[in-house]
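Analysis of the macromolecular model
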Amino acid sequence: MEKSIKRYFILFTFPTLLAFTALFIVPFVMGIYLSFTEFTTVNDATWVGLSNYSKAFANQDFQNALWFTGKFTVVSMITVNILAFLLALLLTRGKRGTNLFRTALFMPNLIGGIVLGYIWQLILNGILYRYEVTLTYDAKYGFWGLVVLMSWQLIGYMMVIYIAGIQSIPKDLFEVAKIEGADRWAIVRHITIPMIMPAITICLFLTMTNSLKLFDQNLALTAGAPAKETTMLALDIYNTFYGTPGWEGVGQAKAVVFFVLVALIAMIQLSATRRREVEQ
Amino acid sequence: MQRETVRDNSIFVLFLALIAVFLSPILIVVMNSFKGKFYISDAPFKLPDSTTYVGLENYVSGLEKTNFFNAFGMSLFITVFSVAVIVWLTAMTAWYITRVKSRFSKMLYFSFVFSMIVPFQMVMFTMTKVANVLNLDNPLGIIIIYLGFGCGLSVFLYSGFVKSIPIEIEEAVMIDGGNPREMFFKVVFPILKPIAITVAILNVMWIWNDYLLPYLVIGTEYKTIPIAIQYLKGGYGSIDMGAMMAMLVLAIVPVVVFYLFCQRYIIEGVVAGAVKG
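Residues numbered from 1 in each chain as written. Chains lettered and ligands numbered in written order. Predicted model: local features only at pLDDT ≥ 70, side-chain atom pairs only at ≥ 80, totals over all residues. Heavy atoms only, no water.

Considerations on the UniProt feature "transmembrane region" (unreviewed entry) in chain A
Residue and element names in this part refer to chain A. We count it as follows: UniProt positions are given in the numbering used here, feature names are shortened, and annotations may be inferred rather than shown by experiment. A run of H or I in DSSP becomes a helix once it reaches four residues, and a run of E becomes a strand once it reaches two; helices and strands are each numbered from the N terminus.
Here, UniProt's "transmembrane region" (unreviewed entry) annotation points to residues 9-34, 72-92, 104-123, 143-165, 186-208 and 255-272. Across residues 9-34, the secondary structure splits into 100% helix and 0% strand, with the terminal C-alpha atoms separated by 33 Å. Counting secondary structure, residues 186-208 comes out at 96% helix and 0% strand; the distance between its end C-alpha atoms is 28 Å.

A look at the packing of aromatic side chains
Each aromatic ring pair is specified by the distance between its two centres and by the angle formed by the two planes. The cut-off we apply is this: For Phe, Tyr and Trp, rings pair up if their centres lie within 6.5 Å, where Trp contributes its six-membered ring, and each pair is then called stacked (planes under 30 degrees apart), edge-to-face (over 60) or tilted (otherwise). Think of it in three bands: with a 1.4 Å probe and only protein chains considered, a residue is buried below 20% of the maximum accessible area for its type, exposed above 50%, and partly exposed in between.
Within the structure shown, the criterion is met by 42 aromatic pairs over all chains. Here the aromatic rings of A:F106 and A:Y157 are separated by 6.3 Å at their centres, their planes lie at 80 degrees, and the arrangement is edge-to-face. Pair noted here: A:F106 is in helix α5 (residues 98-106) and A:Y157 is in helix α7 (residues 139-167), with a separation of 51 residues, a long-range link. Of the residues examined, A:F106 reaches a relative accessible area of 0% and is grouped as buried. A residue is classified by how much of its surface remains accessible, and A:Y157, at 11% relative accessible area, is buried. With a centroid separation of 5.5 Å and an interplanar angle of 85 degrees, the aromatic rings of B:F120 and B:F149 are classed as edge-to-face. Here B:F149 lies in helix α6 (residues 141-163) and B:F120 lies in helix α5 (residues 120-133), a separation of 29 residues in the sequence. Both residues of the pair, B:F120 and B:F149, belong to the buried class.

Observations concerning the nonpolar core
For soluble globular proteins, nonpolar side chains are generally found buried alongside one another. This is how it is decided: Remark: nonpolar core denotes a set of buried residues (Ala, Val, Leu, Ile, Met, Phe, Trp, Tyr, Cys) joined through side-chain atoms within 4.5 Å.
Residues A:M158, A:Y162 and B:I229 are the most contacted members of the largest nonpolar core, which totals 188 residues. The leading source of residues in this core is helix α12 (residues 241-276) of chain B, at 17 residues.

Thoughts on the environment of B:L153
Residues and elements named next belong to chain B. Stated precisely, the cut-off is as follows: Any two residues whose heavy atoms approach within 4.5 Å at even a single point are treated as in contact.
With respect to the helices and strands, the residue L153 is situated in helix α6. When its relative accessible area of 31% is taken as the criterion, L153 is described as partly exposed. Between the C-alpha atoms of L153 and I117, which are 36 residues apart in sequence, the distance is 9.5 Å. If sequence neighbours within four positions are ignored, L153 has contacts with M116 and L202.

Some details on the domain arrangement of chain B
To keep things clear, this is the line we draw: In this document the domain limits rely on a domain assignment from an automatic tool or a database.
The domain boundaries assigned to chain B delineate domain 1 (2-59) and domain 2 (67-231). One C-alpha centre belongs to domain 1 of chain B, the other to domain 2 of chain B; they are set 39 Å apart.

Here we look at the domain arrangement of chain A
Residue and element names in this part refer to chain A. To keep it simple, the criterion reads: Buried area counts how much accessible surface, traced with a 1.4 Å probe, disappears from two parts once they are put together, with both parts' losses summed.
Parsing chain A into structural domains produces domain 1 (2-34) and domain 2 (60-279). Of note, the centres of domain 1 and domain 2, computed from C-alpha atoms alone, are 33 Å apart. Each partner contributes to the interface: domain 1 provides 4 residues, whereas domain 2 provides 4 residues. Carbon and sulfur atoms supply 76% of the area buried between domain 1 and domain 2, which totals about 270 Å² over both sides.

Things to note about the packing of helix α2 (residues 9-34) of chain A against α6(B)
Definition in use: Geometry is summarised by axes, namely lines fitted to C-alpha atoms with helices restricted to the contacting stretch, and by angles between N-to-C directions that run from 0 to 180 degrees. An angle below 35 degrees is read as roughly parallel, one above 145 as roughly antiparallel, one from 65 to 115 as roughly perpendicular, and any other as oblique. Each residue receives one of three labels: charged for Asp, Glu, Lys and Arg, nonpolar for Ala, Val, Leu, Ile, Met, Phe, Trp, Tyr, Cys and Pro, and polar for the others, Gly being one of them.
Following both chains from N to C, one finds α2(A) and α6(B) inclined at 85 degrees, their axes separated by 8 Å at the closest point. Classified by the interaxial angle, the pair formed by α2(A) and α6(B) is roughly perpendicular. The segment α2(A) lies against α6(B), with A:P15, A:T16, A:A19, A:F20, A:L23 and A:F24 engaging B:I144, B:I145, B:L147, B:G148, B:F149 and B:C151. For the contact of α2(A) with α6(B), the per-class residue count stands at 10 nonpolar, 2 polar and no charged.

Some remarks on the interface of chain A and chain B
So the rule is basically this: We call two N or O atoms a polar contact when they sit within 3.5 Å, provided that within protein one can donate a hydrogen and the other can accept it, with sequence-adjacent residues counted only if both atoms are side-chain atoms.
Taken residue by residue, the interface counts 87 residues in chain A and 93 residues in chain B. Across the chain A/chain B interface, buried area totals approximately 8,300 Å², and carbon plus sulfur atoms make up 80% of it. Of all residues in chain A, A:F12, A:L23 and A:L110 give up the largest surface area on contact with chain B, accounting jointly for 10% of the area buried on that side. Summed over the shared surface of chain A and chain B, the number is 11 residue pairs in polar contact (both at pLDDT 80 or more). A total of 19 residues in the side of chain A that touches chain B trace back to one element, the largest contributor, which is α2(A). Looking at side-chain class alone, the side of chain A that touches chain B contains 63 nonpolar, 14 polar and 10 charged residues.

Structural notes on the packing of α7(A) against helix α10 (residues 197-212) of chain A
The relative placement of two packed helices comes down to the angle between their axes together with the axis-to-axis distance. Residues and elements named next belong to chain A. Quick reminder of the rule: For any helix crossing, the convention is left-handed if the near helix is rotated counterclockwise from the far helix by under a right angle, and right-handed if that rotation is clockwise.
In contact at an axis separation of 10 Å, α7 and α10 are set at 160 degrees when each is read in the N-to-C sense. By the angle class used here, α7 and α10 are roughly antiparallel. For the crossing formed where α7 meets α10, the hand is right-handed. Contacts from M150, L154, Y157, M158, I161 and Y162 in α7 reach A199, I200, I202, C203, L206, T207, N210 and S211 in α10. Among the residues forming the contact of α7 with α10, the class breakdown is 11 nonpolar, 3 polar and no charged.

Regarding unusual backbone geometry
Backbone torsion omega between A:A225 and A:P226 reads -5 degrees, so that peptide bond is classified as cis. Mapping A:P226 onto the fold places it in the loop between α11 (216-221) and α12 (233-243). Phi is positive for A:A227, close to 45 degrees, though the residue is something other than glycine. A residue is classified by how much of its surface remains accessible, and A:A227, at 69% relative accessible area, is exposed. One non-glycine residue, B:N135, adopts positive backbone phi at about 60 degrees. You can see B:N135 is positioned in the loop between α5 and α6.

Comments concerning a positive patch on the surface
For clarity, the threshold we go by: For patches, a residue must show more than 30% relative accessible area and have no salt bridge; joins then use 9 Å for like charges and 5 Å for nonpolar side chains, namely Val, Leu, Ile, Met, Phe, Trp and Tyr. To measure how exposed things are, a 1.4 Å probe is used in the Shrake-Rupley method; for residues, cover is taken only from the protein chains shown. By salt bridge we mean one thing: a side-chain nitrogen of Lys or Arg within 4 Å of a carboxyl oxygen of Asp or Glu. Charged residues are defined here as Lys and Arg on the positive side and Asp and Glu on the negative side; His and the ends of the chain fall outside this count. Working definition for charges: the position is that of NZ of Lys, CZ of Arg, CG of Asp or CD of Glu.
Taken together, A:R93, A:K178, A:R184 and B:R7 make up a surface patch of like positive charges. Position of A:R93 relative to the elements: it lies in the loop between α4 (60-91) and α5. Relative accessible area serves as the criterion here: at 39%, A:R93 is assigned to the partly exposed category.

As C-alpha cells, then:
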C-alpha cells in the first residue's frame, strides 16, 4: 500500500511543504544568519560576528525584560495552577451548577490578548484611581496587573484540563481510601495529585510557554510603561526591531536568544516531568 | 436528606456569586460603553446616571473611528479561509507522512514538531520580508502565511490521530481497487473528523485573535478586529475611552456567540489539543 500512496507525494504534501518551507524554514534560517550581521533591509547584510549578541546582553532594556519575564512566568505559573487545581477539586464533586460554572470560567480564554489588555486596564486603573495612582505609575502595578490578567485568562483553561485528569481516576481508589479512613487532604495528596501528574505537566508547560511568549496583553495593558520597566521579552524584541533604527541585527540576536531560552526550558521541563511520571 | 439539599443549594448560590464576580470585568466594560467618555476612567464602577448616560453615542463614534464592520469582515474572511485551508491540507500531509514510513517523512515530522516551539519573534522580521517579496502581503496571501506558520501543530495533532487508526481499513479499500486520493477523501478524512474539529477550533482561536502577524503583514492597508482596537489607542496615551469601551463590547460579542454555539466542541477540542500537544 505504501508504494501506491508514494506516487501521490506531490498531491498530499506539496502545498503544505511549500508554505512551510517559504514561510517558516527559510525565515528561520535567515533569522539565525542575520543575527550575526548588520542590516536594515536583509539585502544589505554585512557579517559582524558575535557583536550583536554582546550588544544585546549589554543592553539594559534586554536585561530588564529578561528579569521581568522570568519573574512574571514563575509567579503566574504558581497563581494560575494553584487556583485552577482548587477549582477543579471543587467542581468534580458532582454539585448542581458545575457545568455552568465551568462554561463561565473558560470564557476569558477565548478573548484576544489586545481586548483583554484594555478590559483590565479599565478595571485596574479604576481601582488604583482611589489611591491616586495609575497602572503605569510604578512597575509593580504593571507586574501584578499582568499577573491578574493572565490568571483570569488561563484559570478556566487549566481547570478544564485538571477536571479531565481528575475524572479519569478510577472511582474505587477513592472509595478504598475512604474505607481505610483517609481524610480529604490525605486523599488529595496521596491519590489525586499523583494520579494527575500528566495533567500537571501539561498545565505547567502551557502556563509557562504562554507567559514567556506574552505579547498582546503586555502591549495593550501597559505597553511597557513606565520607562520600559514592564516590557517583556517579546515586546522588547519588537521595540528593538521597529523602534531602534540600526539595531535590526541586535533585535534578531535577541530573538535567537529568546528562541533558545524557550526551547531549552521546554525540553528540560518536559523531560523532568516525564521522568517523574515514570516513577509514579 | 433535608440538610443535604440546603447545603447543595447554598453551594449553588455560591457558584452563581463566584460566576458574577469572575465575569464582572466584562459587565463593567458593557456598562461603561453607555457612559460619556469623560466619565469612564475616573469612575468605572459607577452605574450610568442621567448626566453620564449617552445612549449609543460611543458606538456611533467608535464605528466611525475604527471602521469596525470592515475589520469584522476582514477578520472573518482571514479566519474562515485560513482555517479551512489548514484543516484540509495538513490532514493530507499528516496522513501521508504517517503512512509512508521513510527517512524523509520522519525528518518532516520532526521539523513540524520543532516549529511548534519557535516563538513568533524569531521569524517575525524575516517572515515579513519573505511575505513582501512573494507578494503575500494581502488578505489572500496571509492565508498561505497562516498555513506555513500554523501547519506544525496541526500536522502534529493529525499524525497522532492517524497512528491510532487501524491500517487494515485502508488496506481493504486499496485491495478493492481504490486509489489513495479517493480513499483519503471518502474513507480517511471522515474518520479524522474528531481531530479535525480540534484542529479547526485551536486555529480559529489563534487566527481570530492574532494581532502582530496581520499587523506587520497587512496592517497598513487592512485592519482586523485586534488591529482596529489597538489603532484606537492612537498616539501617546490619548484614548477615546467611550469609543474604546463600545468597540471592546463589539469585539467580545462574536466570541461569546461562537462560544455559546460550539461550547462543547471548544472545551473538548482545547483539552484534546492540550493533552496531545
